[in-house]
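An overview of the molecular structure
Chain residues, written in single-letter form:
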Amino acid sequence: MNILLLGSGGREHTFAWKLTQSPICKQLYIAPGNAGTAQHGININISPEDFPALKKLTLEKDIQMLVVGPEAPLVKGVYDFFKNDEKLKNIIVIGPSAEAAQLEGSKAFAKKFMQKKNIPTAAYREFTLENIQEGIDYIARQKTPIVLKADGLAAGKGVLIINDITEAQAEFKAMLDGKFGAAGNKVVIEEFLDGIEFSVFALTDGKDYVLLPVAKDYKRIGEGDTGLNTGGMGAVSPVPFVDESLMQKVEERIVKPTIETLNESEMVYKGFVFFGLIRVNGEPYVIEYNCRMGDPETEVVLPRLKNDLVELFRAVETGELHKQIIEKDERIATTVMLVSGGYPEAYAKGKTMSGFEHVQDSILFHAGTKADGDKVLTNGGRVIAITSLGENIPSALALSNKNADLIQFEGKNYRTDIGKDLL
Ligand code: AMP
Ligand code: GLY
C-alpha cells in the first residue's frame, strides 16, 4: 500500500526508516519530511495542518494509510477530517480523533480524565480569568516548588516550575494575561512530584493495546541535566530502573485504566498513547499524556521493535491488535542528538553538514536537515539523532558519541552523558 507520513523531525525519519522495511509498504510519501526521510520515500512540501492539501495528495497518490507524527494536526482534527470525508473515510489513519487528542491538547481535560479511575497523578486545581483571585490565594497556600501549566499546546514551553510564591503568582497572572496566547486561557496548578521520569508507549485501537519498548529522554541542554529545557538531547531504551515490578504497576494502575476510560467514553483512538511518567518512592505517576510518539524516544524505541510496523497499524484498523505479540531487540539503544549552536535559544540554519561517509555502526535519523542539491544543510535546532545498539549503555553510547564527533557542521553541540545517570 501507499503510505503518507506527516511531520519533519527525527521521529518521522525513524518512522520512515521503519515503515519502508515492511513488504506491505509500496511507496512512502512524507509531508513535509527532511533530508533523511527523502532516503526512504518522496517528500511533498505541504504542511501537516493543511487538510485540503492533504486530501488532494491522498487522492492523487492513491494513499491507503495516513501515519501522523506530531500532535498539532491531531489536536486540529486530521483524523476526523479524513473520517468525515466521503472520499477519504476508508483510509487507515494512525492517530486519535480530535476529542481524544485533548489528552495532550488540554492539561485540564487530561487531569479530569485521570480522575475518573483514580489514575495516579499530581494533585491539581484549574483556574481561568474568572477565578484568578482564588488562584492567587491557592498558590499562597502551596508548598514550593509550584508547577504551573498552560492548559493548551504551547510548543513545549507551557510548563513552569517555580520556587518562589510571589514569582509563581506573577507568572500565573501573566499566563492568564496571554503570555502563551490562548493556550493559557486556563491554567492548571499542580503539586510538584520529585522523582525520575520515563516514557511508556502503547499502540491502541481504543480497546486493546500493545506496549512498545520503554525509554527515557534527556531534556536539558547541558551535561548532567543542567541548563535550559530542549525538545530532547538524547534517549535510551530500555530503562534499567523500570523493572518488571514497576512495569506491572504502570500497566495495572495507568495503562489499563487509561484504555478502559477511552473505551467507556467512546472516544475514537487508533494510535499511540505516550505516557510521560515519574517514579516517586517506587510508585509510578502520570506527568502527562501525549497523543503521539515521543521525540527523541522514537529514535530508540523503533530500532528495538522487531515487528512489522505496517502490520501492527493494519491490526489497529481491523481490531486484531490482541493477536499481535511485540518482539524486541534485547540490546540497549542510545540516541545522541546533535544540535545547532545557541539552541534552545536563537540559532542559525543553513550550515553545511559533512562527515556522513565516516559514520559506522550507528543509524542516523535526521531531525532538522534540508537537502540542497548534493549537500545537506542544517535546518533546525535539533539537527540529527545518532542511534546505536549495544550490549549495555556504555557500549551503545560509545558508538553514538564516536559518530557524533565525525559529523561536522559549524556550531555543533551535543551531550556526551546520555544514559550515564542510569549506570
Ligand atoms: P509536560 O509538558 O507536562 O511534560 O511538563 C514538562 C516537564 O515539566 C516534565 O517533563 C517534567 O519534567 C516537569 N513536570 C511537569 N509536571 C510536573 C510535576 N507535577 N512535578 C514535577 N515535574 C513536573
Ligand atoms: N520527548 C518528549 C516529547 O516528545 O514530548
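First, a word on scope: everything that follows refers to the structure included in this document.

Conventions used here
Every chain's residues receive numbers from 1 upward, in the order its sequence appears when written. Throughout, the order in which chains and ligands are written sets their labels, letters from A for the former and numbers from 1 for the latter. Note on the predicted model: pLDDT of at least 70 is required for a residue's local features to be given, and 80 or more for side-chain atom pairs to be given and counted; whole-chain, interface and lining totals, by contrast, use all residues. To obtain the side-chain values, all non-hydrogen atoms of the structure were included, while hydrogens and water were left out. Only DSSP runs of H or I reaching four residues or more are called helices, and only runs of E reaching two or more are called strands; each is numbered from the N terminus. The globule rule used for comparison is 2.2 Å times the number of residues to the exponent 0.38, while the radius of gyration itself is calculated over C-alpha atoms. Type-normalised accessible area, obtained with a 1.4 Å probe on protein chains alone, sets the label of each residue: buried when under 20%, exposed when over 50%, and partly exposed for intermediate values. When checking whether two residues touch, look at their non-hydrogen atoms; a contact exists if any pair is within 4.5 Å. Where accessible areas are quoted, they stem from the Shrake-Rupley method and a 1.4 Å probe; at the residue level, only the protein chains shown are allowed to cover. Positive residues here are Lys and Arg, negative ones are Asp and Glu, while His and the chain termini are left out of the count. Here the site of a charge means atom NZ of a Lys, CZ of an Arg, CG of an Asp or CD of a Glu. Following DSSP output, two strands are said to pair if at least two bridges run between them. A cutoff of 4 Å decides nearness: a residue is near a molecule or strand if any of its heavy atoms lies inside that distance of it. Here a polar contact is recorded for every N or O atom pair within 3.5 Å, except that within protein the pair must consist of a potential hydrogen donor and a potential acceptor, and residues adjacent in sequence are included only if both atoms are side-chain atoms. When two rings of Phe, Tyr or Trp (its six-membered ring) have centres within 6.5 Å they constitute a pair, described as stacked for plane angles under 30 degrees, edge-to-face for angles over 60, and tilted for the intermediate range. Here, a charge over a ring is recorded when the distance from Lys NZ or Arg CZ to the ring centre is within 6 Å and its angle to the ring normal is within 35 degrees. Interaxial angle, 0 to 180 degrees, is taken between N-to-C directions of lines fitted to C-alpha atoms, where a helix line uses only the stretch in contact.

Once that is clear, we can look at the overall build of the protein chain. Each helix and strand in the protein chain was counted, giving twelve helices and 21 strands. The C-alpha atoms of the protein chain give a radius of gyration of 21 Å, which matches the 22 Å a tight globule of 423 residues would have. If one aligns the C-alpha atoms of the protein chain with their principal axes, the spans along those axes are about 60 × 50 × 40 Å. When the 423 residues of the protein chain are sorted by exposure, 57% land in the buried category. By sequence separation, contacts in the protein chain at least 24 residues apart represent 68% of the contacts at least 6 residues apart. For the protein chain, the accessible area works out to roughly 17600 Å², and carbon and sulfur atoms hold 46% of it. Of the charged side chains in the protein chain, 48 are positive and 58 negative, and the gap between their average positions amounts to 2 Å.

Attention now goes to the environment of Leu-57. Following the sequence through the fold, Leu-57 ends up in helix H2 (residues 51–60). Residue class for Leu-57 comes out buried when judged on its relative accessible area of 6%. The contacts of Leu-57, once residues within four sequence positions are left out, are Leu-4, Ile-44, Ile-46 and Ile-63.

Overall, antiparallel pairing links the three strands, which are arranged S17-S20-S19 in an open sheet. Both edges of this open sheet fall to strand S17 (352–353) and strand S19 (369–372), since each of them pairs with a single strand only.

What surrounds ligand 1 is a group of 14 residues, the closest being Glu-190, Glu-191, Leu-193, Glu-197 and Glu-288. Taking Lys-107, its side chain carries an N or O atom lying 3.2 Å from an oxygen atom of ligand 1. At a separation of 2.8 Å, a nitrogen atom of ligand 1 approaches a polar backbone atom of Leu-193. Taking 470 Å² as the accessible area of ligand 1 by itself, protein coverage stands at 87%. For the shell around ligand 1, the elements supplying multiple residues, two or more each, are strand S7 (146–150), strand S8 (159–162) and strand S15 (283–290).

Each aromatic ring pair is specified by the distance between its two centres and by the angle formed by the two planes. With the rule as written, the count across this model stands at twelve aromatic pairs. Ring centres of Phe-81 and Phe-82 lie 6.1 Å apart, and the angle between their planes is 65°; this geometry places the pair in the edge-to-face category. Members of the aromatic cluster, connected to one another through ring pairs, are Phe-15, Phe-272 and Phe-313. Here Lys-76 stacks its cationic end above the ring of Phe-51, 5.5 Å away from the centre of that ring. Directly above the aromatic system of Tyr-138 lies the positively charged group of Arg-125, at a separation of 5.1 Å from the ring centroid.

So, on to unusual backbone geometry. In this model, Ala-31 is joined to Pro-32 through a cis peptide bond whose omega is -5°. Within the secondary structure, Pro-32 sits in strand S2 (residues 27–32). Pro-145 follows Thr-144 through a cis peptide bond whose omega is -10°. With respect to the element layout, Pro-145 can be found in the loop between helix H7 (132–140) and S7. Residues other than glycine seldom take positive phi values, yet Asp-62 does so here, at roughly 55°. Of note, Asp-62 is situated in the loop between H2 and strand S4 (63–68). Classification of Asp-62 as partly exposed rests on a relative accessible area of 45%. With a phi close to 65°, Asp-361 is a non-glycine residue in the positive phi region. On the secondary structure map, Asp-361 appears in the loop between S17 and strand S18 (363–366). Here Asp-361 falls in the exposed class, since its relative accessible area comes to 56%.

Relative to the elements of secondary structure, Asn-403 occurs in helix H12 (residues 393–406). According to the relative accessible area criterion, Asn-403 is buried, its value standing at 0%. Note: C-alpha distance between Asn-403 and Arg-141 (262 residues apart in sequence) is 51 Å. If near-sequence neighbours (up to four positions away) are discounted, Asn-403 is found in contact with His-358, Val-359, Gln-360, Asp-361, Ser-362 and Ile-386.

A few words now on the sheet that holds S18. Spatially, the five strands line up as an open sheet ordered S12-S13-S16-S21-S18, and their pairing is antiparallel. The sheet is open, and its two borders are formed by strand S12 (216–222) and S18, each paired with just one other strand. For this sheet, the mean inter-axis angle between neighbouring strands, taken without regard to orientation, is 30°. Relative to strand S13 (residues 226–237), S12 runs antiparallel, the two being bridged by five bridges. Paired with Arg-220 across the two strands is Asn-229, which belongs to S13. Seen against the sheet, H12 touches S13, strand S16 (332–339) and strand S21 (382–390) and runs at an angle of roughly 25° to S16.

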